[in-house]
Each structure stands twice: as C-alpha cells, then as structure tokens.
Amino acid sequence: MSFETIAFAVDAGVARLTLNRPDRLNSFTDQMHAEIREVLAEVNANAAIRVLVLTGAGRGFCAGQDLNDRSVSGESTEAPDLGASVEKNYKPLVLALQNLRVPTICAVNGVAAGAGASVALACDVVIAGRSASFLQAFSKIGLIPDTGGTWFLPQRVGMARAMGLALLAEKLPAEKAADWGLIWQCVDDADLASTVDALAAQFAAAPTRALVRTRELMRASMSQDLSVQLDAERDAMRELGRSPDYKEGVAAFMEKRAPRFTGA
Ligand code: T3D
C-alpha cells in the first residue's frame, strides 16, 4: 500500500497510521479521507493486526478540514455543501474508528483542531504530549463542532466545559484536557512515543475481542438503562466465556504464567 497524504505500517500486531501533511498541520483533504478509509478497511481485514495507533507527522496532530480543499463539496465559485463533506468523509470516519475490529490509541503529538480534535476523541485511548492542545476551532469560522464533537465533549467533560470549549474556541492544553477527563493521559513530549509504544505492545498481546466488547458496552451505556445494560453484559459474557482467549486467560492464571492471547 502506498499513499501520498498518510503513512501506514504494520509491525508485531501494531498498525500505525500517521497523518502526513505536516506543512498544512495534517489537515484533512478528500484524498486523505480516501486513503484513511483504505487503511481502516485493511485493519479490519488483516487478522494479524491487534491495535491501531493514530498520530500526526511534524509539529501538529491535525488541524481539521483543509480549508483550501473544497473538492468534495462544490466548485470554488459556489458555496460549498459542507453537509455533503460530513456525509461523505467525516461521519464514515468516526463510525469506522468507533467500530474498528481492534482497539485504537491516538497519540496527539501537537495541536488537534476542529475535526482533528474530534477524530482524536473518537479513538479508545488518547495520550497527548504536554505541548499538544485541543481546539474547538469551529465557532471561529462560523461552524459547529462536527465529527462527533457535540457528542464527545459533553459526555467527557460535562455540559459547562463542553459549551465553553465550543463557544469560546480557546486552546485547551493537554495537561488540562487530562485533568478534565477529555483524554486518558498527558505525558512529557519526550515520553510520548515510548508511552504509546508500550501501550500498543500491551494491546497487541491482549484479548482483543474482550477489549472491543468493553468499548461497545461502555458506549451503549450512554443511552441504555441499567436493566438493558445488564442484559448486554450477560450476552457479552456468554460470548466471551466461549472464546479461546478466556480459556487461555484462566489456564495462564492457574499455571501462574503470562497468557498468550491470540485475539480470538
Ligand atoms: O468539509 C468541511 O469543511 C466540513 C468539515 C469541517 C470540519 C473542520 O475541521 S472545520 C475546522 C477547520 N480547522 C480550523 O479552522 C483550524 C484552522 N487552523 C488554525 O486555527 C491554526 O492553524 C492552528 C490553531 C490549528 C495552529 O496554529 P499555528 O499558529 O500553530 O499554525 P499556523 O501558522 O496557523 O498553521 C501552519 C500552516 O498550516 C499555515 O500555513 P502557512 O501560513 O505556513 O502557509 C496554515 O495556513 C496551515 N493550516 C493550518 N490549519 C489549516 C491550514 N491550512 C488549511 N486548512 C487548515 N485547517
């Protein structure tokens, strides 16, 4: 697979997708969306992949939509149809990340703005370098936080903070984002790569199905009452109790050794 706007590599069960337009702070173009779709399809198809790491090249993570690229949503002489852009590119991207067959880690190496911030939040675990920041840039250009922003923000940080972030469009430093519960962790910039590598290796050796079912159940809990949630947990436990990884996990515990999970 060869790409112009992203880089993609797989090693030891870890797939790495790097947004690679550093001179434009890795902002999204129609082509970049198409290349990401190809990669996410490969992640779903390749059973050897056990975790996806998403990051950006250069000093930024992603500055959202490339405001120069209107190829998806109308000629430059007419008002673009941003709804068409969302429908074609951003909605499928968020849903693909949320429904990926493997857990996802976002390594936020710099500013994450607009849809770039939302895409980071669509990943299961978000780890940011201390110099990184999250910017709901939308209100500055007359838009709303899309790509799931209006869904992720209030759920993670509560309505007051979500509203402030969206309406004021001020940069939220990574450390505060972690304190507020927007992301999992903020680490020193020099430690970002090693921290993410260690977690990716951990996930690559983990019982993948259990991690993904956990993600699904956590998300479902946002819209279900306890009784329905308990039924969903029962069904997942029934499924996982029959999985080879559960058998291996219990055997490893009994034999006082490290488990060798296959993801099955
Ligand atoms: O299709 C649709 O439109 C629907 C979907 C929309 C979703 C969205 O994401 S809308 C929001 C779009 N994003 C933004 O509004 C953010 C715009 N960027 C910024 O506000 C700032 O660049 C940052 C706060 C992210 C970073 O600031 P700073 O000072 O660190 O960097 P910079 O100098 O502004 O940017 C560096 C270069 O990247 C610069 O180019 P230059 O001057 O060196 O030639 C800048 O123009 C370019 N760049 C940054 N963001 C974008 C961009 N070019 C195109 N599109 C961008 N979004």
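Residues numbered from 1 in each chain as written. Predicted model: local features only at pLDDT ≥ 70, side-chain atom pairs only at ≥ 80, totals over all residues. Heavy atoms only, no water.

## Quick notes on the layout of surface pockets
In step 1: Taken as a whole, the largest pocket spans an internal volume of roughly 670 Å³.
In step 2: In terms of lining, the largest pocket is formed by 24 residues, of which the most central are Cys123, Asp124, Val125, Arg156 and Met218.
In step 3: Taken together, the elements giving at least two residues each to the lining of the largest pocket come down to β7 (125-129), α4 (149-157), α7 (192-204) and α8 (208-220).
In step 4: In terms of residues, the lining of the largest pocket owes the most to one element, α8, which gives five residues.
In step 5: Among the residues making up the lining of the largest pocket, the classes are represented as 16 nonpolar, four polar and four charged.
In step 6: Two domains each donate at least three residues to the lining of the largest pocket, and these are domain 1 (6-204) and domain 2 (208-255).
In step 7: Counted as a void, the second largest pocket has a volume near 400 Å³.
In step 8: With four residues, the top contributor of residues to the lining of the second largest pocket is helix α2 (residues 82-98). (1 Å grid on protein atoms, 1.4 Å probe; cavity = no way out; pocket = protein on both sides within 12 Å on 5 of 7 lines; lining within 4 Å. Points joined across faces, edges and corners; volume = space filled by probe spheres on them. Helix = DSSP H or I, 4+ residues; strand = E, 2+ residues; numbered from the N terminus. Nonpolar A, V, L, I, M, F, W, Y, C, P; charged D, E, K, R; others polar. Domains from an automatic or database assignment.)

## Brief notes about the state of the cysteines
A disulfide bridge is the covalent bond that connects two cysteines by way of their sulfur atoms.
In step 1: Enumeration according to the criterion identifies zero disulfides in this entry.
In step 2: Between Cys62, a cysteine without a disulfide, and Cys106, which holds the nearest cysteine sulfur, the sulfur-to-sulfur distance is 9.2 Å. (Disulfide = S-S within 2.5 Å.)

## Looking at the sheet that holds strand β9 (residues 172-173)
In step 1: Across the sheet, four strands lie side by side as β4-β6-β8-β9; this open sheet has mixed pairing. In the strand order of this sheet, the two ends are held by β4 (60-62) and β9, each with one partner.
In step 2: When strand β6 (residues 111-113) meets strand β8 (residues 133-135), the two strands line up parallel, connected through three bridges. Across the sheet, residue Val111 finds its bridge partner in β8, namely Ser133. (Pairing = 2+ DSSP bridges.)

## Observations regarding the pattern of salt bridges
In step 1: Counted under the stated rule, the structure contains 14 salt bridges.
In step 2: A salt bridge links Lys88 to Asp30, with the shortest nitrogen-to-oxygen separation between them at 3.0 Å. Of this pair, Lys88 sits in helix α2 while Asp30 sits in helix α1 (residues 30-45); the two residues are 58 residues apart in sequence, bridging distant segments of the chain.
In step 3: Overlapping salt bridges, with partners in common, bring together Arg209, Arg213, Glu216 and Glu239 in one network. (Salt bridge = Lys/Arg side-chain N within 4 Å of Asp/Glu carboxyl O.)

## Some words on the site of the ligand
In step 1: Close to the ligand lie 24 residues; Arg24, Gln65, Arg70, Ser85 and Ala115 are nearest.
In step 2: At 2.9 Å from a nitrogen atom of the ligand is found a main-chain nitrogen or oxygen belonging to Ala63.
In step 3: Considering the ligand on its own, with 1,100 Å² of exposed area, one finds that the protein chains cover 70% of that surface.
In step 4: In terms of residue count, α2 provides more of the shell around the ligand than any other element does, three residues in total.
In step 5: The residue inventory of the shell around the ligand, partitioned by class, reads twelve nonpolar, six polar and six charged. (Near = heavy atom within 4 Å. Polar contact = N/O pair within 3.5 Å; in protein donor to acceptor, adjacent residues only side chain to side chain. Areas by Shrake-Rupley, 256 points an atom, 1.4 Å probe, with all protein chains shown as cover.)

## Considerations on helix α10 (residues 244-254)
In step 1: If you check which residues of α10 are buried, you get Asp245, Glu248 and Ala252. Here the buried residues of α10 occupy an arc of 60° about the axis, which is enough to place them on one side. Of the exposed residues in α10, those oriented more than 90 degrees away from the buried face are Lys247, Phe253 and Met254.
In step 2: Each element contacted by the buried residues of α10 is listed here: α8. (Buried < 20%, exposed > 50% of the residue type's maximum accessible area, 1.4 Å probe, protein only. Arc of directions from axis to C-beta. Contact = heavy atoms within 4.5 Å.)

## Let's talk about the domain arrangement of the protein chain
In step 1: Domain parsing of the protein chain yields domain 1 (6-204) and domain 2 (208-255).
In step 2: The straight-line distance from the C-alpha centre of domain 1 to that of domain 2 is 27 Å.
In step 3: Each partner contributes to the interface: domain 1 provides 13 residues, whereas domain 2 provides six residues.
In step 4: For the pair domain 1 and domain 2, the number of links is one salt bridge.
In step 5: We note a salt bridge from Arg215 to Asp124, for which the minimum N-O separation is 3.0 Å.
In step 6: Inspection of the region where domain 1 meets domain 2 yields seven residue pairs in polar contact (both at pLDDT 80 or more).
In step 7: For the side of domain 1 that touches domain 2, the elements supplying multiple residues, two or more each, are α2 and α4.
In step 8: For the side of domain 1 that touches domain 2, the residue count by class is six nonpolar, four polar and three charged.

## Looking at a nonpolar patch on the surface
In step 1: A cluster of nonpolar side chains, Leu67, Leu82, Ile141 and Leu143, forms an exposed patch at the surface whose accessible area comes to about 340 Å².
In step 2: Mapped onto the elements of the fold, Ile141 is located in the loop between β8 and α4.
In step 3: Overall, the relative accessible area of 48% leaves Ile141 in the partly exposed class. (Patch = residues over 30% accessible without salt bridge, like charges linked within 9 Å, V, L, I, M, F, W, Y side chains within 5 Å.)

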